[in-house]
Amino acid sequence: MAVQVLPMSDNHDMYDLVDAAIKVIENSGLKYKVTPFETVIEGSYGDVMALVEKVQEACFISGAQKLLCNLKIQSDHTGHVTIADKMAKYE
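The sections below set out a description of the structure shown in this document. (Residues numbered from 1 in each chain as written. Predicted model: local features only at pLDDT ≥ 70, side-chain atom pairs only at ≥ 80, totals over all residues. Heavy atoms only, no water.)

### Focus: the pattern of salt bridges
Spelled out, the test is: Note on definitions: salt bridges are taken to be side-chain nitrogens of Lys or Arg within 4 Å of carboxyl oxygens of Asp or Glu. Helix and strand labels come from DSSP, where a helix needs a run of H or I of at least four residues and a strand needs a run of E of at least two; each type is numbered from the N terminus. Throughout, exposure labels follow a simple rule: accessible area from a 1.4 Å probe, protein chains only, divided by the maximum for the residue type, with under 20% read as buried, over 50% as exposed, and the rest as partly exposed.
Summed over all chains, the structure comprises two salt bridges. With a closest N to O distance of 4.0 Å, K23 and E26 form a salt bridge. With K23 and E26 both in helix α1 (residues 14-26) and three residues apart, the pair spans about one turn of that helix. By relative accessible area, which is 47% here, K23 ends up partly exposed. A salt bridge links K72 to E38, with the nearest nitrogen and oxygen atoms 3.3 Å apart. With K72 in strand β4 (residues 66-72) and E38 in the loop between β2 (32-34) and β3 (39-41), this pair connects stretches of sequence that are 34 residues apart. In this structure E38 comes out as partly exposed when scored by relative accessible area, which is 22%.

The following block contains the structure:
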């Protein structure tokens, strides 16, 4: 899954709020990769969706008044889709 969080606040810097979201992802125990426009996360559907909820909560706790959360989900009925599978030819 790829998640892009765009928090909005009159009183807080957007990047500080995004950093709070990334901290939750770092502490999740799931494999992830931060990129310039989104963070890619590996895990089961249930695990990544639960994490999305925690990411949004972290933004609100940190001072966001509103947020947009864009998700991209790739699934494969034969197994897991990994970051390495998708990035191998570019690294």
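### Some details on the packing of α1 against helix α2 (residues 45-61)
Test applied: A fitted line through C-alpha atoms represents every axis, and for helices the fit uses only the stretch in contact; the resulting angles, taken between N-to-C directions, go from 0 to 180 degrees. Rotating anticlockwise by less than a right angle from the far helix to the near helix defines a left-handed crossing, while the corresponding clockwise rotation defines a right-handed one. Whether two residues touch is decided by their heavy atoms; if any such pair falls within 4.5 Å, the residues are in contact. Each residue gets one of three labels, nonpolar for Ala, Val, Leu, Ile, Met, Phe, Trp, Tyr, Cys and Pro, charged for Asp, Glu, Lys and Arg, and polar for the others, Gly among them.
One way to put it is that α1 packs onto α2 with a least axis distance of 8 Å and a crossing angle of 145°. The handedness of the crossing between α1 and α2 comes out as right-handed. Two secondary-structure elements touch here, α1 through L17, A20, A21, V24 and I25 and α2 through L51, K54, V55, A58 and C59. Residue composition of the contact of α1 with α2, grouped by class: nine nonpolar, no polar and one charged.

### Points about the pairing of strand β1 (residues 2-8)
So the rule is basically this: Two strands pair if DSSP finds at least two bridges between them.
Bridge count between β1 and β3: two bridges; the pairing is antiparallel. The residue of β3 that forms the bridge with A2 is V40.

### Some points on the environment of C69
Within the element layout of this structure, C69 appears in strand β4. Separated by 31 residues in the primary sequence, C69 and E38 place their C-alpha atoms 10 Å from one another. Once residues lying within four places of it in the same chain are set aside, the contact partners of C69 are V3, Q4, V5, V52 and Q56.

It is worth stressing that arrangement in space is one thing and function is another; only the former is reported here.
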